[in-house]
Each structure stands twice: as C-alpha cells, then as structure tokens.
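Coordinate analysis (summary)
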Amino acid sequence: MGEITITGFTTRDVRFPTSLDKTGSDAMNAAGDYSSAYCILETDSEFEGHGMTFTIGRGNDIVCAAIPHLAERVKGRTLSSLVSDWGATWRHLVNDSQLRWIGPEKGVIHLALGAVVNALWDLWAKSLGKPVWRIVADMSPEEFVRCIDFRYILDAITPEEAVAMLKESEKTKPARIQDALNSKAVPAYTTSAGWLGYGEEKMRALLGETMDAGFKHFKMKVGGSVEQDRVRLRIARDVIGYDKGNVLMVDANQVWSVPEAVEYMKQLADFKPWFIEEPTSPDDVLGHKAIRDALRPLGIGVATGEMCQNRVVFKQLIASGAIDVCQIDACRLGGVNEALAVMLMAKKYNIPIVPHSGGVGLPEYTQHLSTIDYVVVSGKLSVLEFVDHLHEHFLHPSLIKDGYYVTPSEPGYSVEMKKESMGEFEYPGAEGKSWWKSAEAKGILEGEKI
Ligand SMILES: [Mg+2]
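Residues numbered from 1 in each chain as written. Predicted model: local features only at pLDDT ≥ 70, side-chain atom pairs only at ≥ 80, totals over all residues.

Looking at the Cofactor (unreviewed entry) heading of the UniProt record, one finds this comment for the protein chain: "Mg(2+)". (UniProt positions renumbered as here; feature names shortened; annotations may be inferred.)

Okay, here's the thing in structure tokens:
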C-alpha cells in the first residue's frame, strides 16, 4: 500500500431530537438531544477517517469549533508517520502549549481530541482492511505499549509491567480471538427500560422484550425520589426475578452529595443492585471511596467513569480503591490510546472494564474497546451497555445476538454515519433539508432550556 497523507478535515454538527420522547432522561439530564461532534479526515487516497464525540445537544457546536485546532496538527502528515509511534503522536496532539491552557487534557478540548484521535484510528483501520479491535489484537505487547503516553501514570503502571501483563494474557489470546470471531466476546447489558421519563407499562414491556432477547443485565436510572425508585425497582425485580441469574444495576448520574448517596442507597439495598453508577461528582475521588466503603457491607459496588476526564483521574479512582467497576468512555477520553492506558491500570488492579455506551455512536465505538479488553488485556468476560437507539444512522451499526455484541468485521471504527442522516439532522442545518428547520423543531429551539 502506498503512503497516505492527510490533506484536510471537516467537522459536522449532527443532533438527533431525542428530547422529544425523553430518551436518555435521568436524574441529572432531563432532556438530551443525542448529538455527534464529527471529524472527517480527508486524504490523498480513497480513504477518509471518521471520528466523533458524543454530546447531548447544546454545546455540540463548541466541540465542533475545537476540533479543527487539533486536526490541524495532523494535516500534511503521512498516516504511517503518525501510527508508527502512536504514543508520541498522542503527546504531540495534546502538546500545543496555548491549547493546553484550556484543558489540560479535559473539558471541551479533550472531547475534541477524542473525535480526532478516533478518526485517525478509523482511517488506519480502513487502510489496513481491519476493524479497530483486530489491529490491537494483532499487535505484540511492545506495539500495544507504544500506543500509550505513560508520563502521568508511571507511578501506577510502567511500560515494563504492562508488557509483562500482556505477555501473560497473550498465551491464551488465540482462543479469545476465536470467541470474538464467533461473537461471544462481549455480553451486552441494557438500559432501554430504565430511563426515568418512562412510565410503568413501557418499563414492563421493554424489560420483558429485552429479557426475551437474551439480556441478563438490566440498568435502571434512579435518584428522582426514593419512593418512586422503590416502585420502579420493584417492577424491575418483578419482571427479571431474584433467582434467574439476572443482574440489576442502578445509575444516579451524579445527583447526590456523598452522605445523600449512602443514605439513599441503603434504602434501595433490598433490590440487590450490583452497583450504583455515578453516585456523586465525577471528580470526587475521595467521595467515591467513602461511598464504596459505606456500601460494601450491603453488597453494593460503586461504578463511575463516563464523565471521568482522563487517565490521570482514572489512576486515582482505580489505585485508591474508590471503584468496583471502571466505565471508560470512548470519546471523553482522548480516543483509543487513552482507553488502552486505562484498561492496563484496571487489569493491574483487577477492576472490570464496563464501558459507558448509552448515547449515539457510543455502542459502535465501545464494542471494539470491550473486545480489545477481553481478547488482549483482561482476558475476562465483562459486560457492555447497549441502548437500542439511533443505530440506523450508521453504515455499520452495532448489533446484538443472543445477548452478545456481534463482533464488528468491517474495516474501521464503526462510527461512519450515513450521508443522508448527517444532512437530515445537521444543526443548525439547511432550510428544506434539515429537521432543525422544521416546524416540529420549534418546540425544542424555542422551549425552555432545562
Ligand atoms: Mg450512566
């Protein structure tokens, strides 16, 4: 294959009006419009790199405005020069000293980084004719470790330790690659029935349907009121039972203080949730540790990570014993490379990776990350969130079969969106073309901003 050079880039602001039916509603996020801040890398070859970052509506334009500042740093570079020393490339991308001031490595600029880094992985994978998970599965331990910038995590894990761990996992890797090829690498869990805005009948119907489809893990949003949550969790346990091998999880999306989280969860303990997700501020490492210590006697674990801003905060959550479950996000972290760094730390501290995946495009991404974790890093089956919304807009949507993700086989990182969908839901969009110029959109555009 000849040399591929990155010649330019475009950004797209794509928003789906999910606030209309309260899809995605929880105790903190009342009415989100699932959105993609999109980065397309153009090249002098037949290939384009597609990456995106997920937001829930307003502010998606701010992420789109940040993307060119980072994409500019790879323009004119050859793909081979970028991927041959990925750790150095990643460092280069975060190393513009002026842009660093508006992070560093967090907030809008880091969300934009996720889109750009993932677009590079997509481009690389397409040029190799492989899905992203397979590129990593085919790497040697040394190549894997070279993808990572270890500077701020060396006190938790060294490259040498990482290579030793990966070599150990490598002995049994061929069997797990076979599991992946048979689509038995990533069991799925569902949040479909659990949104706070859904009524009782809708909940019962969705729980029943997803159970019939082979799901064994079910997550419910909580944090509105104890009385209502007790009613909703009773309905959930009614349908899924206590003794059928089904697992219940709950998610509070950061609404509580630390003492409130402990008090509230004590009152839900009889429904036996595996974990409480995001009980409090995502930055509060000590708070998560306190909640975990208080809930351990009740058999309830603590999970967080969807708003954990980078590997440095994950290091603290993991190494201090503040979490039982590590919920990496594919594009809040700085793309594949930073996700790999967190996977290594989680493996060392024996904490399962259960990626955050409830938004547009996220399941398409995370199916690769969970496959990598199982095949290459942890060697253990975990679970991955699946929400059955908006997949129809992608060229290669994620799919569930018999309760497992169908392992992606198409080259790339699976988030390339259909051209028609991009046009139809582009924001603010073109008159006569975009849904956002329709009469129906006025309800959102002119409504109260909650
Ligand atoms: Mg969540």
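A few words on the overall build of the protein chain. Within the protein chain, the secondary structure is distributed over 18 helices and 12 strands. Against the 2.2 N^0.38 benchmark of 22 Å for 450 residues, the protein chain shows a C-alpha radius of gyration of 21 Å, consistent with a compact globule. Each of the three principal axes of the protein chain carries a C-alpha extent, and together these read 60 × 60 × 45 Å. Looking at the protein chain as a whole, 52% of its 450 residues qualify as buried. Sequence-distant contacts, at least 24 apart, represent 74% of the contacts inside the protein chain between residues at least 6 apart. (Helix = DSSP H or I, 4+ residues; strand = E, 2+ residues; numbered from the N terminus. Rg over C-alpha atoms; globule rule 2.2 N^0.38 Å. Buried ≥ 20, exposed ≤ 12 C-beta atoms within 10 Å, placed from the backbone. Contact = placed C-beta atoms within 7 Å.)

Closest axis-to-axis distance for the helix H10 (residues 200-212)/helix H11 (residues 226-240) pair is 10 Å, and the angle between their directions is 30 degrees. Taken together, H10 and H11 sit at an angle that is classed as roughly parallel. Crossing hand, H10 versus H11: right-handed. Facing H10, whose interface residues are Glu 200, Met 203, Arg 204, Leu 207, Gly 208 and Met 211, H11 presents Arg 232, Ile 235, Ala 236, Val 239 and Ile 240. Grouping the amino acids of the contact of H10 with H11 by side-chain chemistry returns 7 nonpolar, 1 polar and 3 charged. (Axes fitted to C-alpha atoms, helices over the stretch in contact; angles between N-to-C directions. Parallel < 35°, antiparallel > 145°, perpendicular 65-115°, else oblique. Left-handed = near helix turned anticlockwise from the far one by under 90°. Nonpolar A, V, L, I, M, F, W, Y, C, P; charged D, E, K, R; others polar.)

Next up on the list: the nonpolar core. The biggest cluster of nonpolar side chains holds 137 residues, and the ones touching the most others in it are Cys 39, Ile 67, Val 116 and Cys 326. The element contributing the most residues to this core is helix H5 (residues 107-128), with 13 residues. (Core = buried A, V, L, I, M, F, W, Y, C linked by C-beta atoms within 7 Å.)

Of all 5 residues in strand S6 (residues 247-251), 4 are buried, a share of seventy percent or more. Pairing between strand S5 (residues 217-221) and S6: 5 bridges, direction parallel. Bridge pairing links Phe 218 to Leu 248 in S6. Handedness of the crossover joining S5 and S6 through H11: right-handed. As paired strands, S6 and strand S7 (residues 275-277) are joined by 2 bridges and run parallel to one another. When the sheet's bridge partners are listed, Asp 251 is paired in S7 with Glu 277. (Pairing = 2+ DSSP bridges. Right-handed = clockwise from strand over helix to strand, strands pointing away.)

According to UniProt, the positions carrying the feature "domain: Mandelate racemase/muconate lactonizing enzyme C-terminal" (unreviewed entry) are residues 200-298. Its end C-alpha atoms 27 Å apart, residues 200-298 is made of 48% helix and 13% strand.

Right, let's talk about unusual backbone geometry for a bit. Residue Gly 103 is joined to Pro 104 through a cis peptide bond whose omega torsion reads -10 degrees. Its location among the elements puts Pro 104 in the loop between helix H4 (97-100) and H5. Along the chain, Tyr 427 connects to Pro 428 via a cis peptide bond; the corresponding omega equals -5 degrees. Positive phi values are uncommon outside glycine, yet Gln 254 reaches one of about 75 degrees.

Moving on to the environment of Gly 199. Within the secondary structure, Gly 199 sits in the loop between strand S4 (188-190) and H10. Assessed through the 7 C-beta atoms surrounding it within 10 Å, Gly 199 is described here as exposed. Along the sequence, Gly 199 and Arg 232 sit 33 residues apart, while their C-alpha atoms lie 9.2 Å from each other.

With antiparallel pairing, the 3 strands of this open sheet are ordered in space as S1-S2-S3. Edge positions in the sheet fall to strand S1 (6-15) and strand S3 (49-55), since each of these pairs with one other strand and no more. Averaged over all neighbouring strand pairs, the angle between strand axes comes to 15 degrees, with direction disregarded. Where strand S2 (residues 35-43) lies against S3, 7 bridges are found, and the strand directions are antiparallel. Following the sheet pairing, Tyr 38 is matched in S3 by Met 52.

What follows deals with the environment of Val 342. Within the element layout of this structure, Val 342 appears in helix H15 (residues 335-348). As for Val 342 and Val 247, which are separated by 95 residues in sequence, their C-alpha atoms are 25 Å apart. Apart from the residues within four sequence positions on either side, Val 342 is in contact with Arg 311, Phe 314, Cys 326, Ile 328 and Leu 333.

Two elements in contact, helix H14 (residues 311-319) and H15, have axes whose closest approach is 10 Å; the angle formed by their N-to-C orientations is 10 degrees. Of the possible angle classes, the one that applies to H14 and H15 is roughly parallel. As H14 runs across H15, the sense of the crossing is right-handed. For the pair formed by H14 and H15, the contact residues are Arg 311, Phe 314, Lys 315 and Ile 318 on the first element and Glu 338, Ala 341, Val 342, Met 345 and Ala 346 on the second. Tallied by class, residues from the contact of H14 with H15 come to 6 nonpolar, no polar and 3 charged.

Before going further, it helps to examine helix H12 (residues 258-266). Looking at H12, one finds that the buried residues are Ala 261, Val 262, Tyr 264 and Met 265. The inward-facing, buried residues of H12 abut H11, S7 and helix H13 (285-295).

What follows is about the environment of His 393. Secondary-structure assignment places His 393 in the loop between strand S10 (384-386) and strand S11 (400-401). His 393 gets classed as buried once you count the C-beta atoms within 10 Å, which come to 20. In the structure, His 393 is positioned 326 residues away from Ile 67 in sequence and 22 Å away in space, judged by C-alpha atoms. Residues within four places of His 393 in sequence aside, it is in contact with Met 417, Lys 418 and Ser 421.

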